[in-house]
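# Chains, contacts and geometry: an overview
Spelled out from the first residue to the last, the chains are:
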Amino acid sequence: MYLCDMILNCNLLEYFQELRMIDKKLRYLESHEWAMLDAESGVITVGLSDYAIEQLGDIVYLELPSVGDKVEKGSEFCTIESVKAASDLYAPVGGEITA
């Protein structure tokens with residue numbers, strides 16, 4: 001049974017936002033990466049959902065792109081390893097790495 005089946009007339013996004021499980025400023029991918037636009041600077045910050053981080057456990061290695069690298073939306077841009085698993089992260093947006 002899906003959560004939506006248990007809640008009549010539900011809007012899942014509103015439901016999870018009320019539970020503070022989803023930040024309204026972030027845009028999530030199904031693979032748990034998120035992106036947030038700073039409207040003033042035009043800079044997009046990318047991260048990983050709390051759920052994914054909890055599932056990974058203790059992180060032992062993180063390979064990040066270098067400043068100046070260009071990434072395409074949907075391409076692998078980072079590798080994260082934990083005591084439980086290793087995983088590639090995919091760029092939710094394309095652009096140039098600035099920090």
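Just above sits the structure.
Structure report, in brief. (Residues numbered from 1 in each chain as written. Predicted model: local features only at pLDDT ≥ 70, side-chain atom pairs only at ≥ 80, totals over all residues. Heavy atoms only, no water.)

### Comments concerning the pairing of strand 3 (residues 44-48)
Note: strand 2 (residues 33-37) against strand 3, five bridges, orientation antiparallel. Bridge pairing in strand 3 links Leu37 to Ile44. Counting the residues that bridge the hairpin from strand 2 to strand 3 gives six residues, and of these Gly42 lies at a positive phi of roughly 80°. (Pairing = 2+ DSSP bridges. Helix = DSSP H or I, 4+ residues; strand = E, 2+ residues; numbered from the N terminus.)

### Some remarks on the sheet that holds strand 1 (residues 27-28)
With antiparallel pairing, the three strands of this open sheet are ordered in space as 1-2-3. Looking along the sheet, the strands with just one partner apiece sit at the ends: strand 1 and strand 3.

### Description of unusual backbone geometry
A positive phi angle is found at His32, which is not glycine, with a value near 85°. Considering the arrangement of structural elements, one finds His32 in the loop between strand 1 and strand 2. Given the relative accessible area of 29%, His32 is considered partly exposed. (Buried < 20%, exposed > 50% of the residue type's maximum accessible area, 1.4 Å probe, protein only.)

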